[in-house]
Amino acid sequence: MDFYRVKGEKPLYGTIKTEGAKNAVLPEIAAAMLTEEPVKLINVPYLSDVRNMGAICRLAGGLCDYNKGSLLLDGQYFTNKTIPYESACKLRTSFLFAGPMLARFGKMKISLPGGCNIGTRPIDLHLKGFEKMGACINFDSGFVEAYAPSGLNGAEIYLDFPSVGATENIMMAACLAKGRTLIFNCAQEPEVRDLAALLCKMGAVVKMPDSECILIEGQSELKGTVHSVLPDRIEAGTYMLAVAATGGNVEITGIEPFLLQPICAKLRESGVKISEGINSVKVESDRKAHSVDVKTLPYPGFPTDLQAQITAFLSTTTGTGVVTETVFESRFNHIGELCRMGAGIRLEGRSAIIEGCNHLTGASVTAKDLRAGAALVIGALCARGETKIFGLNHIDRGYHNLSEKLEKLGADIERCQEPSESVGTLLC
Ligand code: UD1
């Protein structure tokens, strides 16, 4: 089993480039299956989630070939084959094949999805949307089935919460439905807009006339295209927080700074120097930052996907900060592990109260979800002594070559393999 060995307190210097956004690529793989023509995605990160999504695509007859940062997708032979538990449990976006399958074939059957363990994560909003469009839904032995034998019809759909996944699934289904669909209280995340941009290139008519509504005019068919995936604001934000916590001076390139406004604002408020370029952000930190309060919200609020990482940063600042999670009900897998490294954090409901400490100390810790893993890497980079981070399978879902990239900035981090027996003993 792989683990990271990190010797902390090495400031970070240099330049690091952001890759394409995981949360855009995954729905875009599903979207490519709306057409029988090839779709090429470029700027695609080589992540385990991308490979797992590609495997589901192939299981259902589609083509998904990765080659040097590009994904060639072909839905010509894609079918509505049942997606079994073994595939669906690997990632939550497995359920994003539901919309395209239902729209193209009038039928889908998918095992209830898995994904990071950060709350109950229901799919009721996706299903309510499909029902409004005329589908009949049925649950059977851990599977969800939907039927729309005469095709889907456009509808007016109000989401009780601006769910990213539900907005994307309904938007994809609506592209091949009869007539007009309006999604009110939709998610506005940049990745949702990137998916809409891809769909438009495929011949769909998708408009966001105001910020809380999406309008889709259904088409009889879509076509192939080429699309460059937008940069990963969460990856960029993770590097920003790593530099802020560890100290140093790093330019993060290949990113549009406006995507990072919440994180730039919070870091500036805490005393970290941030300079924005056209396609880059520079972070300068002398490790003298002070605490701030943060509340996660749907976009354009502070992203929940950076909540764990900013908690790690605030563990190293002076004063008391409060981080409130409003998007997921239990996204605090990182707290116990950061406390093992000496962080002073207590949980009160959905808020983490963080008493900043002078320095964290190295320890053996385990990543229990993707962003919790990123938070532990940040903690380890600035901790005194050596940290071992296990559970890298979670980190690999969203960060490609993380240790190599941080090493180039001066971090003392290596990916190691432990003989399986000793890891078993350690984790027991
Ligand atoms: C996506 C992102 C994830 C991010 C999250 C919120 C991808 C691949 N993943 O996940 O990284 O953390 O958005 O920005 O893009 N909910 C319901 N019913 C539903 C759907 C969602 O109650 O049918 C709830 C969820 O339990 C959660 C909240 O809505 O509390 C937000 O979930 P959602 O926006 O759907 O997140 P995902 O699309 O799963």
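Before going into details, it helps to say that this report is about the structure given with it. On a predicted model such as this, the values are computed, not experimentally measured, just so you know.

1. Thoughts on the site of the ligand
Argument step 1. Taken together, the neighbourhood of the ligand is formed by 18 residues, with D124, L125, S163, D305 and V327 sitting nearest.
Argument step 2. Within the contact set of the ligand, an oxygen atom lies 3.3 Å away from a backbone nitrogen or oxygen of P122.
Argument step 3. For the ligand, an oxygen atom lies 2.8 Å from a polar atom in the backbone of G165.
Argument step 4. Contact with the protein chains removes 88% of the 740 Å² of surface that the ligand exposes when unbound.
Argument step 5. Of the pockets mapped on this structure, the ligand occupies the largest pocket.

2. Things to note about the packing of aromatic side chains
Argument step 1. What the rule picks out here adds up to four aromatic pairs.
Argument step 2. When the ring of Y46 is compared with that of Y66, the centres are 4.8 Å apart and the planes differ by 45 degrees; the resulting orientation is tilted. Remark: Y66 occurs in strand 4 (residues 63-67) and Y46 occurs in the loop between strand 3 (38-42) and helix 2 (48-59); sequence separation between them is 20 residues.
Argument step 3. Grouping aromatic residues by their ring pairs yields a cluster made of F78, F97 and F105.
Argument step 4. The aromatic ring of Y46 is capped on one face by R51, whose charged end is 4.5 Å from the ring centroid.
Argument step 5. A cation over an aromatic ring shows up here: K109 above the ring of F143, its NZ or CZ 5.1 Å from the ring centre.

3. Structural notes on the environment of C382
Argument step 1. Tracing the backbone shows C382 in helix 12 (residues 370-382).
Argument step 2. Note on C382: relative accessible area 1%, which makes it buried.
Argument step 3. Discounting residues that sit within four places of it in the chain, C382 has contacts with E9, A245, T246, R287, T316 and L360.

4. Digging into the nonpolar core
Argument step 1. Grouped together as the largest cluster of nonpolar side chains are 143 residues, with contacts concentrated most on F97, M171, L199, M240, F313 and I389.
Argument step 2. Those residues within four positions of M171 in sequence are excluded, and the remaining contacts are I183, V192, L195, A196, L199, V206, I214 and I216.

5. Side note on the layout of surface pockets
Argument step 1. Taken as a whole, the largest pocket encloses approximately 1000 Å³ of empty space.
Argument step 2. If you trace the largest pocket, you find 47 residues lining it, with R92, R121, V164, G165 and F328 closest to the centre.
Argument step 3. For the lining of the largest pocket, the elements supplying multiple residues, two or more each, are helix 1 (22-31), helix 5 (124-132), helix 6 (164-175), helix 8 (233-246) and helix 12.
Argument step 4. The residue makeup of the lining of the largest pocket, split by class, is 23 nonpolar, nine polar and 15 charged.
Argument step 5. Size it by volume and the second largest pocket reaches roughly 200 Å³.
Argument step 6. Taken together, L34, T35, E36, E37, A103, R104, L176, Q219, S220, E221 and L222 make up the lining of the second largest pocket.

6. Let's talk about unusual backbone geometry
Where the residue is not glycine, phi is negative for most of them; where a peptide bond is considered, it is trans in most cases.
Argument step 1. Across the junction of Y299 and P300, the peptide omega takes the value 10 degrees, indicating a cis bond.
Argument step 2. Along the chain, P300 falls in the loop between strand 17 (294-295) and helix 10 (307-314).
Argument step 3. You will see that N43, though not glycine, has its phi angle at about 65 degrees, which is positive.
Argument step 4. Of note, N43 is situated in the loop between strand 3 and helix 2.
Argument step 5. For N43, a relative accessible area of 29% translates into the label partly exposed.
Argument step 6. A positive phi angle, near 55 degrees, is found at N401, a position not held by glycine.
Argument step 7. Relative to the helices and strands, N401 resides in the loop between helix 13 (392-395) and helix 14 (402-408).

7. With respect to the side chain of S94
Argument step 1. You can see S94 is positioned in the loop between helix 3 (85-88) and helix 4 (98-105).
Argument step 2. Under the relative-accessibility criterion, S94 is labelled buried at 0%.
Argument step 3. Within polar-contact distance, the side chain of S94 engages the backbone oxygen of A88 at 3.1 Å.
Argument step 4. Leaving out residues up to four positions away in the same chain, S94 has contacts with M53, I56, I83, A88, I110 and P113.

8. A few points about the pairing of strand 4
Argument step 1. With five bridges connecting them, strand 4 and strand 5 (residues 70-74) associate as antiparallel partners. Residue pairing in the sheet places Y66 in a bridge with L71 of strand 5.
Argument step 2. A loop of two residues connects strand 4 with strand 5, the two strands running antiparallel in sequence, and K68 in this loop sits at a positive phi of about 45 degrees.

9. Structural notes on the pairing of strand 8 (residues 143-147)
Argument step 1. Buried residues dominate strand 8, accounting for four of its five residues.
Argument step 2. Relative to strand 8, strand 6 (residues 107-111) is paired through five bridges, and the arrangement is antiparallel. Bridge pairing in strand 8 places K109 opposite E145.
Argument step 3. Where strand 7 (residues 136-140) and strand 8 come together, five bridges link them in antiparallel fashion. Residue D140 lies in a different strand from strand 8, and its bridge partner there is F143.
Argument step 4. Connecting the antiparallel pair strand 7 and strand 8 is a turn made up of two residues, with S141 showing a positive phi of about 50 degrees.

Thresholds, definitions, all that
- Residues numbered from 1 in each chain as written.
- Predicted model: local features only at pLDDT ≥ 70, side-chain atom pairs only at ≥ 80, totals over all residues.
- Heavy atoms only, no water.
- Near = heavy atom within 4 Å.
- Polar contact = N/O pair within 3.5 Å; in protein donor to acceptor, adjacent residues only side chain to side chain.
- Areas by Shrake-Rupley, 256 points an atom, 1.4 Å probe, with all protein chains shown as cover.
- 1 Å grid on protein atoms, 1.4 Å probe; cavity = no way out; pocket = protein on both sides within 12 Å on 5 of 7 lines; lining within 4 Å.
- Sits in = over half its atoms within 2 Å of the grid points.
- Phe/Tyr/Trp six-rings, centres within 6.5 Å; stacked < 30°, edge-to-face > 60°.
- Helix = DSSP H or I, 4+ residues; strand = E, 2+ residues; numbered from the N terminus.
- Lys NZ or Arg CZ within 6 Å of the ring centre and 35° of its normal.
- Buried < 20%, exposed > 50% of the residue type's maximum accessible area, 1.4 Å probe, protein only.
- Contact = heavy atoms within 4.5 Å.
- Core = buried A, V, L, I, M, F, W, Y, C linked by side-chain atoms within 4.5 Å.
- Points joined across faces, edges and corners; volume = space filled by probe spheres on them.
- Nonpolar A, V, L, I, M, F, W, Y, C, P; charged D, E, K, R; others polar.
- Pairing = 2+ DSSP bridges.

The values are spatial; any link to function lies outside them.
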